[in-house]
Amino acid sequence: MSDPNSSNPTGVAIAPLNPTAASFSMPSQNESTLANGAATPSPSSSGAADRPKDSKKSKPPRPDPTPRTTTEQNMAEAGAGVKLTGAELKRQKAAEKAARRAEKVAQKGSEAQAQNASSSSLKPPDSQQRRPSTTKRESDTGSTQHKRTLSSSGGKGLPLRPNQQQSQQQTSTATSEKLKHTESKRVSMFSHLYPKEKRASLASAGREIHPAVLSLGLQLRDYVICGGNARCVATLLAFKKVIQAYTTPPGVALSRHLLTHLNHQIAYLRNARPLSMSQGNSIRWLKNLISTQPVDATDSEAKKSLCLEIDRFIRERITLADEVIAREAGSRIDNGDVILTYAKSSVVEKTLIAAHRAGKDFRVIVVDSRPMFEGKNLARSLVRAGLKVQYSLLNALSEVVDQGTGIVTKCLLGASAMLGNGALQARAGSAVVAMMVKECNQNRSRNVPVIVLCETVKFTAKAALDSVIMNEVGDADALVEVHESNVLSSTAAAAVKKQDQNAKSGKKGATKDKDDEDEDKLGGSTKGLEGWKEQQGLYLLNLMYDVTPAEYLDAVVCELGSLPPMAVPVVNGVHGDDQALA
């Protein structure tokens, strides 16, 4: 028996230890069912008959103060007397919430698909019309105001934007195909001579490029400045301006930082057009001069010294050297000579004019070729000086050299470089002229010397046996003749004058000849090379230089005197680029 005075914290009567006296009672409906419908088992009533009457009654569990909403399944489970734990209730609520969310998402997706289908069935509005409004009408809303809502197109862009993107893609595709087609028209044998990047331009110039170098690069790219001497002098003068505007940063030596600054200028010029031999030698000399500047010298003293040395180099190695060569080669010209020359060389021009001013009577034959026609400028200059000049193209060279009257007696050629093996690198066509002169000498048993006029600044230790390795590729489109070439004679001027007179007198078509009439019948002039890039199997190659072997040359006249071609390596080792032109 339990002590009635003892405290029972649970408020439940303790059953006796005798198992035979224990009895069980079913819970009543009021005790098992709570107000919220949750089923709870009644406390154990074993041994209730043996309890004393004054024992404390069992306290029912405290109901949940927060009412809970349940589904029909929960109500059924509650009626069946099954209890759900807190974790099970949480999982059940989460599943119900997820189901409601999925239902809303599916409903929205179906509505969006219906709207997209209805909008795609409509025609796109014009660019000048307003976009369709998605606001409700007054009859639908019952109000007189319209509210702006989001576009029903689902973030769809304007109809013009896709067209612009497509046009840009088509343009980029056409450009890439054009570049590929242009690269495919390159001659594979000379692929190493083609530029690997786009030619220099204003847009490609960096901030470190001096304006003088920028202007020079554009002139070199467009062949405004041609000739080895002119390019060398222009380069040195541009670098002189760069040095004058240069300021050494603090903590850096001028001899080191100035070389780095010049390398950017040189790279821009090289991108505009490959450097000539005289340009390369003069740049090498200038770098050697900068690197040997004294460390204790101030910036003003060093810059002044460099500018004076540049002026001295131009005066001694180019200007005075040309005067010495002109005097030496002019002494070889006799009265009654017929001098043959090709294209244009500044030192050859000075030699011929100096010999003419010395009172010698001779005649000059200028042979020229496409596409640059440099011989025209030489012929004009000689005509202005009072010389007797005959102008001819390269395809008539055999008739000019082997003609019955006025046989060629001497041949003077300019040079772009004198190579270490005694070969001559000059304008493309010089080798044909030299070989043709020697061929005529063998047929007629006469000696016509081929004399090369070249400054030592163009000497190099490099050797070449052909025109493939060391050369420059010009613009292939320059070989396409798009207009008639200007002629030196007065025939064209007379034809124009006659045409003007006929126009004034009222005669029409009087100046047309048979060829013009045939051309008009065919529908205009036809150029065979126009559109050559679209023709399969057709390639154009515009090489700027060729190499003449030493056996076709008789003498090389430089500022040091006359010497055989095979003696060029000796002079080059003393005054050439082997000693950095020191």
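Residues numbered from 1 in each chain as written. Predicted model: local features only at pLDDT ≥ 70, side-chain atom pairs only at ≥ 80, totals over all residues. Heavy atoms only, no water.

In the nomenclature of an unreviewed UniProt entry, the chain is known as Translation initiation factor eIF2B subunit delta of Exophiala oligosperma. Check the Sequence similarities (unreviewed entry) section of the UniProt entry for the chain; it says "Belongs to the eIF-2B alpha/beta/delta subunits family." (UniProt positions renumbered as here; feature names shortened; annotations may be inferred.)

Undergrad: It is not clear to me how the overall build of the chain should be interpreted in this structure. Could you clarify?
TA: Across its full length, the chain holds 17 helices and 10 strands. The long-range share in the chain, meaning contacts at least 24 apart out of those at least 6 apart in sequence, stands at 76%. When the accessible surface of the chain is summed, it comes to about 36800 Å², and 53% of that surface belongs to carbon and sulfur atoms. (Helix = DSSP H or I, 4+ residues; strand = E, 2+ residues; numbered from the N terminus. Contact = heavy atoms within 4.5 Å. Areas by Shrake-Rupley, 256 points an atom, 1.4 Å probe, with all protein chains shown as cover.)

Undergrad: How do you make sense of the packing of helix α7 (residues 228-244) against helix α10 (residues 299-330) when you look at a structure like this?
TA: The axes of two packed helices give the description: the angle between them and the distance between them. Look at α7 against α10: their axes get within 10 Å of each other, and the N-to-C directions meet at 170°. Here α7 is positioned roughly antiparallel relative to α10, judged by the angle of their axes. Contacts between α7 and α10 involve Asn 229, Cys 232, Val 233, Leu 236, Leu 237, Lys 240, Ile 243 and Gln 244 from the former and Lys 303, Leu 306, Cys 307, Ile 310, Asp 311, Phe 313, Ile 314, Ile 318 and Asp 322 from the latter. When grouped by side-chain class, the residues that make up the contact of α7 with α10 number 11 nonpolar, two polar and four charged. (Axes fitted to C-alpha atoms, helices over the stretch in contact; angles between N-to-C directions. Parallel < 35°, antiparallel > 145°, perpendicular 65-115°, else oblique. Nonpolar A, V, L, I, M, F, W, Y, C, P; charged D, E, K, R; others polar.)

Undergrad: Just to check I follow, could you spell out the confidence of the model for the chain for this structure?
TA: Close inspection of predicted coordinates is inappropriate in any region flagged by low pLDDT. Averaged over all residues, the pLDDT of the chain is 77; the fraction at 70 or higher stands at 63%. In the model, residues 132-162 has pLDDT below 50 throughout and makes 20 contacts with residues more than four positions away in sequence or in other chains. For residues 578-582, every residue scores under 50 in pLDDT, and the model assigns this stretch 15 contacts once sequence neighbours within four places are set aside. (pLDDT = per-residue confidence, 0-100.)

Undergrad: What's the story with unusual backbone geometry in this structure? I'm lost.
TA: One can expect most non-glycine residues to show negative phi and most peptide bonds to be in trans. The omega torsion across Arg 370 and Pro 371 is 0°, close enough to zero to call that bond cis. Mapping Pro 371 onto the fold places it in the loop between β2 (363-368) and α12 (375-385). A positive phi angle, near 60°, is found at Tyr 223, a position not held by glycine. Relative to the elements of secondary structure, Tyr 223 occurs in the loop between α6 (211-221) and α7. At Phe 373, a residue that is not glycine, the phi angle is positive and equals roughly 50°.

Undergrad: Is there a simple way to explain the sheet that holds strand β7 (residues 450-453) in this structure?
TA: As a general point, the strands of a sheet are linked pairwise by backbone hydrogen bonds and lie either parallel or antiparallel. Overall, mixed pairing links the seven strands, which are arranged β3-β2-β1-β4-β7-β9-β10 in an open sheet. The open sheet has two edge strands with one neighbour each: β3 (388-393) and β10 (561-563). Between one strand axis and the next, the sheet turns by 25° as a mean value, whatever way the strands run. Pairing geometry for strand β1 (residues 338-342) and β2, over five bridges, is parallel. Paired with Val 338 across the bridge in β2 is Arg 363. (Pairing = 2+ DSSP bridges.)

Undergrad: I'm lost on the sheet that holds strand β5 (residues 417-418) in this one. Help?
TA: In spatial order, the strands read β5-β6-β8; together these three strands make up an open sheet with antiparallel pairing. Across the chains shown, the open sheet's two edge strands, defined by having one partner strand only, are β5 and β8 (545-548).

Undergrad: Could you clarify how one ought to interpret the pattern of salt bridges in this entry?
TA: Once the charged atoms of two side chains with opposite charge are near each other, the side chains can pair. According to the stated counting rule, one finds 13 salt bridges in the structure shown. One salt bridge connects Arg 273 with Glu 472, and the closest N-O pair in it is separated by 2.8 Å. Of this pair, Arg 273 sits in the loop between α8 (254-272) and α9 (277-291) while Glu 472 is found in the loop between β7 and α15 (491-505), placing the two residues 199 residues apart along the sequence. Taken as a pair, Arg 273 and Glu 472 share a single burial class, namely buried. Taking the shortest distance from any N to any O, the salt bridge between Glu 374 and Arg 427 comes out at 2.9 Å. Taken together, the positions of Glu 374 in the loop between β2 and α12 and Arg 427 in strand β6 (residues 424-427) put the pair 53 residues apart, joining distant regions of the chain. Each member of the pair, Glu 374 as well as Arg 427, carries the same accessibility label: buried. Salt bridges sharing partners connect three or more residues here, namely Glu 309, Arg 312 and Glu 316. (Salt bridge = Lys/Arg side-chain N within 4 Å of Asp/Glu carboxyl O. Buried < 20%, exposed > 50% of the residue type's maximum accessible area, 1.4 Å probe, protein only.)

Undergrad: Would you mind showing me how to read the packing of α8 against α9 here?
TA: Interhelical geometry of α8 versus α9 gives an angle of 160° and a closest axis separation of 9 Å. Relative to α9, the element α8 lies roughly antiparallel. Crossing handedness for the pair α8 and α9: right-handed. Across the interface between the two elements, Leu 254, Ser 255, Leu 258, Leu 259, Leu 262, Asn 263 and Ile 266 from α8 touch Ile 283, Leu 286, Lys 287, Ile 290 and Ser 291 from α9. Counted by class, the contact of α8 with α9 contains eight nonpolar, three polar and one charged residues. (Left-handed = near helix turned anticlockwise from the far one by under 90°.)

Undergrad: Explanation requested: the nonpolar core in the structure shown.
TA: Across soluble globular proteins, you tend to see nonpolar side chains buried next to one another. Ranked by size, the top nonpolar core spans 37 residues in total, and within it Val 213, Phe 239 and Leu 258 carry the most contacts. Non-local contacts of Leu 258, meaning those with residues more than four positions away in its chain, are made with Ile 243, Tyr 246, Ile 290 and Leu 306. Ranked by size, the runner-up nonpolar core spans 31 residues in total, among them Val 400, Leu 413, Leu 553 and Val 571. (Core = buried A, V, L, I, M, F, W, Y, C linked by side-chain atoms within 4.5 Å.)

Undergrad: Quick question: what am I supposed to make of the pairing of β2 here?
TA: Within a regular beta strand, the side chains point alternately toward one face of the sheet and then the other, so they alternate between its two faces. When you tally the buried positions in β2, you get five out of six residues, the bulk of the element. Between β1 and its parallel partner β2, the chain crosses via helix α11 (residues 346-357), and the hand of that crossover is right-handed. Two elements, β2 and β3, share six bridges in a ladder whose sense is parallel. Following the sheet pairing, Arg 363 is matched in β3 by Lys 388. Since β2 and β3 lie parallel, the crossover through α12 that links them has a hand, and here it is right-handed. (Right-handed = clockwise from strand over helix to strand, strands pointing away.)

Undergrad: Is there a simple way to think about the pairing of β8 in this case?
TA: Covered by surrounding structure in β8 are Tyr 545 and Val 547 together with Asp 546 and Thr 548, the residues of both alternating faces. Summarising the sheet, β6 and β8 pair through four bridges and their orientation is antiparallel. Residue pairing for β8: Arg 427 is matched across the bridge by Tyr 545.

Undergrad: What is the right way to look at the environment of His 192 in this model?
TA: The residue His 192 is located in the loop between α5 (160-184) and α6 in this model. Sequence spacing of His 192 and Val 473 is 281 residues, and the spatial spacing of their C-alpha atoms is 9.8 Å. Other than its neighbours up to four places away in sequence, His 192 contacts Val 468 and Ile 469. Reaching out from His 192, the side chain makes a polar contact with the backbone oxygen of Val 468 at a distance of 2.8 Å. (Polar contact = N/O pair within 3.5 Å; in protein donor to acceptor, adjacent residues only side chain to side chain.)

Undergrad: Quick question: what am I supposed to make of the packing of aromatic side chains here?
TA: Given two aromatic rings, one states the distance between the centres and the angle between the planes to describe the pair. Scanning the entire structure with this criterion turns up one aromatic pair. Consider the rings of Trp 285 and Phe 313, whose centres lie 4.4 Å apart with planes at 25°: the pair is stacked. On the criterion of sequence distance, the pair formed by Trp 285 in helix α9 and Phe 313 in helix α10 is long-range, its members being 28 residues apart. One cation-aromatic arrangement involves Lys 185 over Tyr 539; the distance from NZ or CZ to the ring centre is 4.8 Å. Geometry around Phe 373 places Lys 376 over its ring, the cationic atom sitting 4.6 Å from the centre. (Phe/Tyr/Trp six-rings, centres within 6.5 Å; stacked < 30°, edge-to-face > 60°. Lys NZ or Arg CZ within 6 Å of the ring centre and 35° of its normal.)

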